[in-house]
Protein chains: 2
Amino acid sequence: MNPWQVLSKSLKYQPMQRVFEALSSPIRRKILAYLAHADLTAGEIAAKFEISKPAVSQHLSVLEVAGLVTSEKKGQYVHYSLAPDQLTNTLNGYVQEVCPVAKPLKRESAALAKARANKPQDNGL
Amino acid sequence: MNPWQVLSKSLKYQPMQRVFEALSSPIRRKILAYLAHADLTAGEIAAKFEISKPAVSQHLSVLEVAGLVTSEKKGQYVHYSLAPDQLTNTLNGYVQEVCPVAKPLKRESAALAKARANKPQDNGL
DNA sequence: TCGGTGTTTAAGTGATTACCTAATTACCTA
DNA sequence: TAGGTAATTAGGTAATCACTTAAACACCGA
């Protein structure tokens, strides 16, 4: 097994692990909550916390690697957006494994996603 | 502010933080998945992992403090059970904050919980 | 081209985490 | 009561995490 295989086999680099690890920080959860209401630049996000800008930048990087946010550079600004699918898919995926009641919820979720695709202006997604 | 107030104000000791922190470990998520299928003793759980028994005991303690599992001593054995409500309530609670589509899911979840209360033998909860 | 702003990278530090082994506690049975 | 099993607590260590400041990079407008 070559080093790359070892790395990719490590749980640390599996998608679900990255999502749960990202969510384990209160600051990162708060960033996601802010982004749920509106896209924000890195500076706007940093202004909402008392820690340094580089620290916020690191948190944003963790969220992006986990697939929970996306970023787009516009001029000198970097705009961050929520990627809600990764969040709901991962949490639903795990909860379903632990908790059978989640199965009907998942079907309901799929139905809602379908409805959402038809009327994309309907909610925050 | 006395030391106790400082402690209890710290995010580290808030319920949601404890749940997400508990879920950030792959081993702890796996323990919950095992307990979803059947109650198990500490020894039975430890046998499923390659790490030492004290290490598993620590993981179980983290899960219990987070309210995700409960334990009951029977003779020399300690039986662990899943506490599914804490898991679904916390995840739903947060996802709802980030992702508006979770609201109808939460209503659906409440309806299912109600149905479950009437027929407790119906599923793993 | 040059100073100013927005953002990330680099390097280092203190705190926390996960793990181990050894010791301890609790209980059961002969 | 003594020996054995189940489980946790104690003590110590290596690795990881979150944070800081300083430096670098990228872009804008005068």
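As recorded in an unreviewed UniProt entry, chain A goes by HTH arsR-type domain-containing protein and comes from Brevundimonas intermedia.

## Some words on the packing of helix 2 (residues 15-23) of chain B against helix 6 (residues 84-98) of chain B
Residue and element names in this part refer to chain B. Interaxial distance between helix 2 and helix 6 falls to 10 Å at its minimum, and their mutual angle equals 105°. With respect to their mutual orientation, helix 2 and helix 6 come out roughly perpendicular. Every residue of helix 6 that contacts helix 2 at Met 16, Val 19, Phe 20 and Leu 23 is listed here: Gln 86, Leu 87, Thr 90, Leu 91 and Tyr 94. Taken together, the residues of the contact of helix 2 with helix 6 sort by class into seven nonpolar, two polar and no charged.

## Topic: the protein's contact with DNA strand D
Near DNA strand D you find 22 residues, and of these A:Ser52, A:His59, B:Gly43, B:Gln76 and B:Tyr80 are the closest. Protein-proximal atoms of DNA strand D, defined as those within 4 Å of the protein, fall in sugar or phosphate at a share of 71%. Taking A:Gln58, its side chain carries an N or O atom lying 3.4 Å from a base nitrogen of DNA strand D. Within the backbone of B:Gly43, a nitrogen or oxygen atom sits 2.6 Å from a phosphate oxygen of DNA strand D. Breaking the surface near DNA strand D down by element, the ones donating at least two residues are helix 3 (26-37) and helix 5 (53-65) of chain A together with helix 4 (42-47), helix 5 (53-65) and strand 3 (77-82) of chain B. Here the surface near DNA strand D gets four residues from one element, more than from any other, and that element is helix 5 of chain A. Residues belonging to the surface near DNA strand D are distributed by class as follows: nine nonpolar, nine polar and four charged.

## Notes on the packing of aromatic side chains
Centre-to-centre distance and the angle between the planes together describe a pair of aromatic rings. Residue and element names in this part refer to chain A. The final tally for this structure, using the stated rule, is four aromatic pairs over all chains. Centroid distance Tyr 34 to Phe 49: 6.0 Å. Interplanar angle 80°. Geometry classified as edge-to-face. In this pair, Tyr 34 sits in helix 3 while Phe 49 sits in the loop between helix 4 (42-47) and helix 5, placing the two residues 15 residues apart along the sequence. Directly above the aromatic system of Tyr 34 lies the positively charged group of Lys 48, at a separation of 4.6 Å from the ring centroid.

## Some words on the confidence of the model for chain A
Low-confidence regions, as indicated by low pLDDT, have predicted coordinates that should not be scrutinised in detail. All names here are of chain A. Per-residue pLDDT for chain A averages 80, and the proportion of residues at 70 or more is 70%. Contacts from residues 1-9, a stretch scored under 50 in pLDDT, to residues over four places away or in other chains number five contacts. Throughout residues 119-125 the model reports pLDDT below 50, and contacts reaching past four residues in sequence, or to other chains, amount to seven contacts.

## Let's talk about the pairing of strand 3 of chain B
When a strand is regular, its side chains alternate between the sheet's two faces. Residue and element names in this part refer to chain B. With two bridges connecting them, strand 1 (residues 40-41) and strand 3 associate as antiparallel partners. Residue pairing across strands places Thr 41 opposite His 79, the latter belonging to strand 3. Relative to strand 3, strand 2 (residues 69-74) runs antiparallel, the two being bridged by six bridges. Looking across to strand 3, one finds that Glu 72 is bridged to His 79. Taking the residues that link successive antiparallel strands as the turn, the strand 2-strand 3 hairpin has two residues, and the phi of Gly 75 there is positive, at about 65°.

## Structural notes on the sheet that holds strand 2 of chain B
Pairing between sheet strands relies on hydrogen bonds along the backbone, with the strands arranged either parallel or antiparallel. All names here are of chain B. Read from one edge of the open sheet, three strands run 1-3-2, paired in antiparallel fashion. If you trace the sheet from one side to the other, it starts and ends with strand 1 and strand 2, each paired once. Lying on the sheet, helix 5 is in contact with strand 2 and strand 3; it crosses strand 2 at an angle near 120°.

The rules behind each value
Residues numbered from 1 in each chain as written. Chains lettered and ligands numbered in written order. Predicted model: local features only at pLDDT ≥ 70, side-chain atom pairs only at ≥ 80, totals over all residues. Heavy atoms only, no water. Axes fitted to C-alpha atoms, helices over the stretch in contact; angles between N-to-C directions. Helix = DSSP H or I, 4+ residues; strand = E, 2+ residues; numbered from the N terminus. Parallel < 35°, antiparallel > 145°, perpendicular 65-115°, else oblique. Contact = heavy atoms within 4.5 Å. Nonpolar A, V, L, I, M, F, W, Y, C, P; charged D, E, K, R; others polar. Near = heavy atom within 4 Å. Polar contact = N/O pair within 3.5 Å; in protein donor to acceptor, adjacent residues only side chain to side chain. Phe/Tyr/Trp six-rings, centres within 6.5 Å; stacked < 30°, edge-to-face > 60°. Lys NZ or Arg CZ within 6 Å of the ring centre and 35° of its normal. pLDDT = per-residue confidence, 0-100. Pairing = 2+ DSSP bridges.

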